[in-house]
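What follows is the residue order along each chain.
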Amino acid sequence: MTPVTALISLLAIPLGAGPLIYLVGRIGVRLGGSAVLARWLAILAMVLMCQPFYTVAQAILQTGAVETTIGAITLRMDGISLMLTGTVLVLGILVVVFSLSYMQGDEGEEKYYALLPVLMASMIGLSSATDLFNLWVWFEAMAVSSYLLVIFYQDQAASLEAGVKYLVQNAVGSALVLVGIALVFAFTGTLRLEEIAKAAYGPAILGAGALFIIGFGVKTALVPLHTWLPDAHSQAPSGISAMLSGVVIEAGLVAMLRAVGSLPESSVAGVSTWGWLLLAFGVLNIAVGNLMALRQTQVKRLLAYSSLAHLGYMLIGFGVAAGFHLPDAAAGGFFHLFNHALMKGLAFLSAGTLLYSLHISKGDHNPLMIEDLNGAAQRYPVTALALSIAVLALGGLPPLAGFMSKWQIFAAGAETQNLPVLLVVIFAALNSVLSLGYYAPLVNRMYRREPSSVVLAGNSASLMMGLPVMVLTLAVVVLGFWPALMNGFTGAAAQTLLRLFAGH
């Protein structure tokens, strides 16, 4: 398989699998009342994507990019695309395996397994787009498929409310992006990313950049555009919560970086305006995310708000990279992007396992409350350990993965020897410690409290739910001890980002 064929296969397999999974699933439900074939077809589609990913990864790490043109559409997979695609594939496979038991018997199960590959394909396509219009098209495909997954439990009022918020806010964001694209085309006469960068800076470009940050910022959950996120994360199935937090908001971030990075820019004190802007949003996200998480009583809402803070750490890394052209800052940002997918995926899947055992398996769709975790380690020791490792890693406790990527971002910020950036780094480091104020009590409840009545009455979870949880736990620990395992991927992504913001 050639790299070009592999690139096309990474999109064709999940896009083709989606309708097929739905059709086979519907037939199975009509004939035998079971969507078992849909489940295993989804697994097969994920497995089939691994070979082309390996082929593309080898080519990109050796040559820098793989490009192909289909009609008038050019797809180009580079270091950033490879980073996001690998993250999507790893988490997507584990979410599908987790869902085999979690979603079993739910009405519309075949839709769930059909939409997941389509969601993954849209994120891969988004990362490989070479012009603004196709970037927007893939972004819309991601928004629609994720919306349908968010409202999967459509018979529940809270789920529908979350879906309406998600739909309205993302539709407004998408419309603003389209207006920004029109401005860019009117001013430059082109939509190709590498050609836009050669245009002169002007008010229209500044306006387009603002529209891109607001429009893509909704999906990325930039504060104050984040209000859809806690509802969507808490009401979606746990596997989708992991995807939303682990890769969907990161895909929105990649789209924003691609769009903004292609625009001509001005500078303030010799530093890119876009760099300062990313740093400012990073500080805002960290502050609001941590403060809102401190007052939550539902586990999934707490984890959702913590995603705002972790997005802030990524923004600081990318802001330093864009403003000061430091490869270590970009590599740290991408390392944290991958680590966050693993850590938040582990947190949502382990919390989902407890939610299933304590509530869903008994036909109860009440949320998992923080007090429900009391004494959970006595009845669910493996799941409690996994959730503990996830939240401690998110809090930046060494030597887990979260500490390593945060440290790389902070060290790169200190390397600038710029006073405002140093203050941002100190602020972010203190907030990382502050986050333990809502992570550590979860661990304390599971290990040091008497079992709650909900825990005592809970059912056991299946091995298929525990397997992805154990894999993610191992990954979070291993990357904490050996962060160099990701150097090839993060280095390639960092070089691509630096070229993107230096190409003006």
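Residues numbered from 1 in each chain as written. Predicted model: local features only at pLDDT ≥ 70, side-chain atom pairs only at ≥ 80, totals over all residues. Heavy atoms only, no water.

*Asks:* Explain the side chain of Ser432 here, please?
*Replies:* Here Ser432 lies in helix 17 (residues 419-434). Leave out the neighbours within four places in its chain, and Ser432 touches Tyr313, Gly395, Gly396 and Lys406. (Helix = DSSP H or I, 4+ residues; strand = E, 2+ residues; numbered from the N terminus. Contact = heavy atoms within 4.5 Å.)

*Asks:* What's the story with a nonpolar patch on the surface in this structure? I'm lost.
*Replies:* The grouping of Val382, Leu463, Leu467, Met470 and Val471 at the surface amounts to a nonpolar patch, some 460 Å² of accessible area in total. If you tally residues by element for the nonpolar patch, the top one is helix 20 (residues 463-481), at 4 residues. Position of Leu467 relative to the elements: it lies in helix 20. For Leu467, a relative accessible area of 41% corresponds to the partly exposed category. (Patch = residues over 30% accessible without salt bridge, like charges linked within 9 Å, V, L, I, M, F, W, Y side chains within 5 Å. Areas by Shrake-Rupley, 256 points an atom, 1.4 Å probe, with all protein chains shown as cover. Salt bridge = Lys/Arg side-chain N within 4 Å of Asp/Glu carboxyl O. Buried < 20%, exposed > 50% of the residue type's maximum accessible area, 1.4 Å probe, protein only.)

*Asks:* Even after reading the chapter, I still don't get the environment of Lys406, so can you show me in this structure?
*Replies:* Relative to the helices and strands, Lys406 is located in helix 16 (residues 401-415). Sequence-wise, Lys406 and Gly332 are 74 residues apart; in three dimensions their C-alpha atoms are separated by 7.1 Å. Contacts of Lys406, omitting those with residues within four sequence positions, involve His310, Tyr313, His336, Leu394, Gly395, Gly396 and Ser432. At 2.9 Å, the side chain of Lys406 and the backbone oxygen of Leu394 are in polar contact. (Polar contact = N/O pair within 3.5 Å; in protein donor to acceptor, adjacent residues only side chain to side chain.)

*Asks:* What am I meant to see in unusual backbone geometry here?
*Replies:* Negative phi values dominate among residues other than glycine, just as trans dominates among peptide bonds. At the junction of Val223 and Pro224, the peptide bond is cis and its omega measures out at 10° in the coordinates. Residue placement: Pro224 occurs in the loop between helix 8 (203-220) and helix 9 (229-235). If you check the backbone angles, His325 has positive phi at about 55° while not being a glycine. Within the secondary structure, His325 is located in the loop between helix 12 (299-324) and helix 13 (327-358). Backbone geometry at Gln417 places phi at a positive 55°, although glycine is not the residue there. Looking at where Gln417 falls in the secondary structure, it is placed in the loop between helix 16 and helix 17.

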